[in-house]
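These are the residues of each chain, in order.
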Amino acid sequence: MKNGSRKIVPRPVPDGDHQLPSELHPVLKRVYLARGIRGHEDLDLSLKRLPSPWLLQGMEVMVDRLLAAIRQQKSILVVADYDADGATACAVAMLGLRALGARRVDFIVPDRFRDGYGLTPSLVRAAMAKNPQLLLTVDNGIASIAGVVEAKAEGLEVLITDHHLPGEQLPGADAIVNPNVSGDGFPGKALSGVGVMFYVLTALRSKMREQGEFERLGLPEPNLAELLDLVALGTVADVVPLDSVNRILVHQGLQRMRAGRARPGIRALIEVAGRQSGHLSAADLGFAVGPRLNAAGRLEDMSLGIRCLLADDSAQAMQLAVRLDTLNRERREIEARMKDDALLLLAAEDWRTDQSNGVCLFDESWHEGVIGILASRIRERLSRPVIAFAPGEDGLLKGSARSIPGLHIRDLLSEVDAYFPGLILRYGGHAMAAGLTLERTHFDRFVQAFDEHASRHLAQLVMEDQIHTDGALEAGDFSLELARSLRLGGPWGQGFPEPLFHGDFQVASARIVGEKHLKLQVKGAGIDKPLDAIAFFPDNPAEWLSCSQIRLAYQLEINEFRGLRQLQLNVDYMEPLS
């Protein structure tokens, strides 16, 4: 949660004609228009509106290779990643290939701390113990030049499905499907790793249907929509932009979950997270379900999370989900300690936002699996790009970077690498998030280089701290009806932000709950009954208890407790007025 003194800027709502349904609440219309929605077609989130999988470059070769592997019953080993996108992509690959007739399918996932990211030569050597004939990467591989060389030397076929940005050189795999390779014509460049794998399966199914493979194998044609709960979870958890393609995939997956048709593992994760399937939102996936799955890869071994997703038995799925929930609690404790350490470092270095540079933080005690979350928390606080580092093996430092809108962090690292060859050992990622590895002895030089290059880019951006909202609400808009319409009007997420409103309120009461959160009752102009509001993890919550007037930016939510449904303002930003 943000607090302080920031400028609140309502999102512009364009003038002109639109074809939005007349029955939509006027506030929801305003929200849609501000996000580029103009008519019925933009609101159609049915599967028929998905672009063809054959628009993805390399799909023909990929499908031919997989079809030949199924016909010959080759041993397929799925090479996963250790985050929620990689775990769900692995589960989708395993379940989908089995449904399409592959009988010898297994998976391997690298250990974050021992193996590092992606298909490395050491992971190939570990994979050989499973006697594979074909390696299929999911959510990784586009940067695995050396790993593919090692796999080919072992006589393996290598198929890469990924969505990360490629470098100047592509690996020498037998097939690559990635919407972000040069020349690819697929319109949905924001596909997650699990989204890419889902598309590969839909293309493979259509080719098998066309060639009569289901009749030859004596298999029923599978309904791949049954995998969309996994696709939705991985897409939201990876925080990729919810463009039109991803909105369809997430919407369809949420519909399955709300109808009680999710896989046992996802149902168990929803339950241990304290959420209700019937009212599930994309935010629940991003902030409650996804972190519990990610906890396995951060603290232990993502194989635990993948086994939960693959479980067919509800009791087994719940047992695994409880273990994931326990790991997530441990992760939160570690994160809290690391955040306190980071704030002390910033205070000791007298870091100020008017210096307009990036931030690099390192502590010998920090946990490698949690530095990504720490970087996100400090980025939110400072509105600057942040890299948090932790010690790795063999004298290396592992860094996790988080950026701000307008600054492409992966390209920034590429720029530093070009100016200072050898300073960064490895790097990769997206516009908003990236990972890198350094020699410990290079840390101070990297900090200076990152500062210099970040400052050049930041100088060209408007760095005023702003909170973008959907305007103010009228007194009559504070209703359960509007809150429900907004919840169902999504999915909301990265690139299609959840509706956020602002207003000035009188504080009727304030108290601290759960030691770290602030519970408020507020009144606004024309509002007779005080409204409940909650601010999660504000800085120094006790300092707000004496506030009598307050400016809030908030989401309109429905709080359900013991069968009661009440309106609640979930505070994203607050500023004292008196």
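These numbers come from a predicted model, not from an experiment.

Visitor: It is not clear to me how the sheet that holds strand 6 (residues 157–161) should be interpreted in this structure. Could you clarify?
Guide: Two modes of strand pairing occur in sheets, parallel and antiparallel, and in both the strands are linked by backbone hydrogen bonds. If you trace the 5 strands from one edge of the open sheet to the other, you get 4-3-5-6-7, paired in parallel fashion. Edge positions in the sheet fall to strand 4 (105–108) and strand 7 (175–177), since each has one partner strand and no second. Across the sheet, the axes of successive neighbouring strands diverge by a mean angle of 20°, strand direction being ignored. Of the strands in this sheet, strand 3 (76–79), strand 5 (134–138), strand 6 and strand 7 are in contact with helix 3 (residues 59–71), which crosses strand 6 at around 130°. Running at roughly 120° to strand 6, helix 7 (residues 193–210) makes contact with strand 5, strand 6 and strand 7 of the sheet.

Visitor: Would you take a moment to explain the state of the cysteines for this structure?
Guide: Each disulfide is one covalent bond, formed between the sulfur atoms of two cysteines. Counted according to the given criterion, the structure contains 0 disulfides. Take Cys 90: it sits in no disulfide, and the sulfur closest to it among the cysteines is that of Cys 308, at 13 Å. Under the relative-accessibility criterion, Cys 90 is labelled buried at 0%. With relative accessibility at 0%, the residue Cys 308 sits in the buried group.

Visitor: Sorry, what's going on with the environment of His 25 here?
Guide: Structurally, His 25 is set in the loop between strand 2 (7–10) and helix 1 (26–34). Assessed through its relative accessible area of 18%, His 25 is described here as buried. On a C-alpha basis, the gap between His 25 and Phe 420 in space is 55 Å, while along the polypeptide they are 395 residues apart. Setting aside residues up to four positions removed in sequence, His 25 forms contacts with Asp 477 and Leu 482.

Conventions used here
Residues numbered from 1 in each chain as written. Predicted model: local features only at pLDDT ≥ 70, side-chain atom pairs only at ≥ 80, totals over all residues. Heavy atoms only, no water. Pairing = 2+ DSSP bridges. Helix = DSSP H or I, 4+ residues; strand = E, 2+ residues; numbered from the N terminus. Axes fitted to C-alpha atoms, helices over the stretch in contact; angles between N-to-C directions. Contact = heavy atoms within 4.5 Å. Disulfide = S-S within 2.5 Å. Buried < 20%, exposed > 50% of the residue type's maximum accessible area, 1.4 Å probe, protein only.

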